[in-house]
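Read off the chains here:
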Amino acid sequence: MLLKNKKILISGLANKYSIAAGIASAMYREGAELAFTYQNERLLKNLKPIAESYGSSILIESDVSSDESINNSFEQLKKHWDTFDGLVHSIGFAPADQLEGNFVDVTTREGFKIAHDISSYSFTALAKAAKPMLNDNSALLTLTYLGAMQTMPNYNVMGLAKASLEANTRFLAASMGRDGVRVNAISAGPIKTLAASGVKNFRKMLSQHSARAPLGRTVTTEEVGNVAAFLCSDYASGVTGEITYVDAGFNTAAMPLYEIEEE
Ligand code: 0WD
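Draft legend 1. View of the layout of surface pockets. Estimated volume of the largest pocket: approximately 1100 Å³. Lining the largest pocket are 41 residues; nearest its centre among them are Ser90, Ile91, Gly92, Phe93 and Ala195. If you list the elements that add at least two residues to the lining of the largest pocket, you get β2 (33–38), α2 (41–53), α5 (109–130), β5 (134–144), α6 (157–176) and α7 (202–212). Within the lining of the largest pocket, the residues separate by chemical class into 26 nonpolar, twelve polar and three charged. Approximately 430 Å³ is the volume attributed to the second largest pocket. What lines the second largest pocket is a set of 24 residues, among which Met152, Pro153, Met205, Gln208 and Phe250 lie closest to the centre.

What follows is the structure, given as structure tokens:
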């Protein structure tokens, strides 16, 4: 069991399709004790039975757009855990009007601000709040996407926010490494979740992905969860500041194989 005796706090589990649900499942299987944060009351209803199935009744409200909410959530956590070993940041958001249309035309100052605040700064904010409670050999993990590195239709300002999140991962890794904290990101391939359905034509992205990816398919939340469990375990003790792709190899292939084969 990779995560025996590890206590891990998971954010961003909105429903059973969330990437955080695949991560929770793998971490529970690997022996971790889990706690969860949720954005608001509305999401608690979905989260409760899922958390229960992973042996957890530690459910804490935390809206990452508010420092007060974040601070309160760690006060709550202290009632259950004196210290802990890992934090999963599986949160992203941009207003819907930012995720549809031509980038230069649709992007606004406000949309840019919100996307960067919720999708990138929140990782720093959670790291800052967690720091006094983190044990030696603990690990922070976030979820990013290829839009940080390359363009694609409609992902728009989220690509910029993910680029910021990836730099954030490296700066947090440098900043916290001497305190025994590792910080990594998983760049996941497209998966049909609530957040993903906010990106226009997401279904087309899934089929394009399968056509070009070396494995000829998309990935599952379980596959992301398995890598997340590894990265938060002591088996990854030498890995920090890294962006690990779990995308069926998509980012390594410039062209779909069949286009050459058909000639
Ligand atoms: O294809 C995908 N699904 C990919 C997702 C590919 C690569 C990366 N990712 C990333 C996302 O950008 C995000 O960072 O993975 C992370 C998790 O996303 P998900 O599992 O795809 O989406 P979802 O199940 O919707 O969970 C994201 C959750 C929110 O759900 P909704 O859909 O209700 O916004 O992030 C949470 C919320 O639970 N969230 C917040 N939590 C606290 N405070 C906030 C907030 N202000 N805003 C959103």
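Past the structure itself, the notes keep going.
Draft legend 2. Helix α1 (residues 19–29), seen in detail. The buried count for α1 comes to eight of eleven residues, which makes it a mostly enclosed element. By the burial criterion, the buried members of α1 are Ile19, Ala20, Ala21, Gly22, Ile23, Ala24, Ala26 and Met27. Here the buried face of α1 lies against β1 (7–10), β2, β4 (84–89), β5, β6 (181–188) and α8 (221–231). Of the residues trailing α1, Gly31 is marked for its positive phi of about 95°.

Draft legend 3. Representation of empty space enclosed by the protein in the model. All chains considered together, the criterion is met by one cavity of 30 Å³ or more. There is about 60 Å³ of room inside the largest cavity. Put simply, the parts of the chain that give the lining of the largest cavity at least two residues each are α3 (67–78) and β4. In terms of residue class, the lining of the largest cavity is built from seven nonpolar, four polar and no charged.

Reading guide: rules and limits
Residues numbered from 1 in each chain as written. Predicted model: local features only at pLDDT ≥ 70, side-chain atom pairs only at ≥ 80, totals over all residues. Heavy atoms only, no water. 1 Å grid on protein atoms, 1.4 Å probe; cavity = no way out; pocket = protein on both sides within 12 Å on 5 of 7 lines; lining within 4 Å. Points joined across faces, edges and corners; volume = space filled by probe spheres on them. Helix = DSSP H or I, 4+ residues; strand = E, 2+ residues; numbered from the N terminus. Nonpolar A, V, L, I, M, F, W, Y, C, P; charged D, E, K, R; others polar. Buried < 20%, exposed > 50% of the residue type's maximum accessible area, 1.4 Å probe, protein only. Contact = heavy atoms within 4.5 Å.

That's the geometry; what it means functionally is another story.
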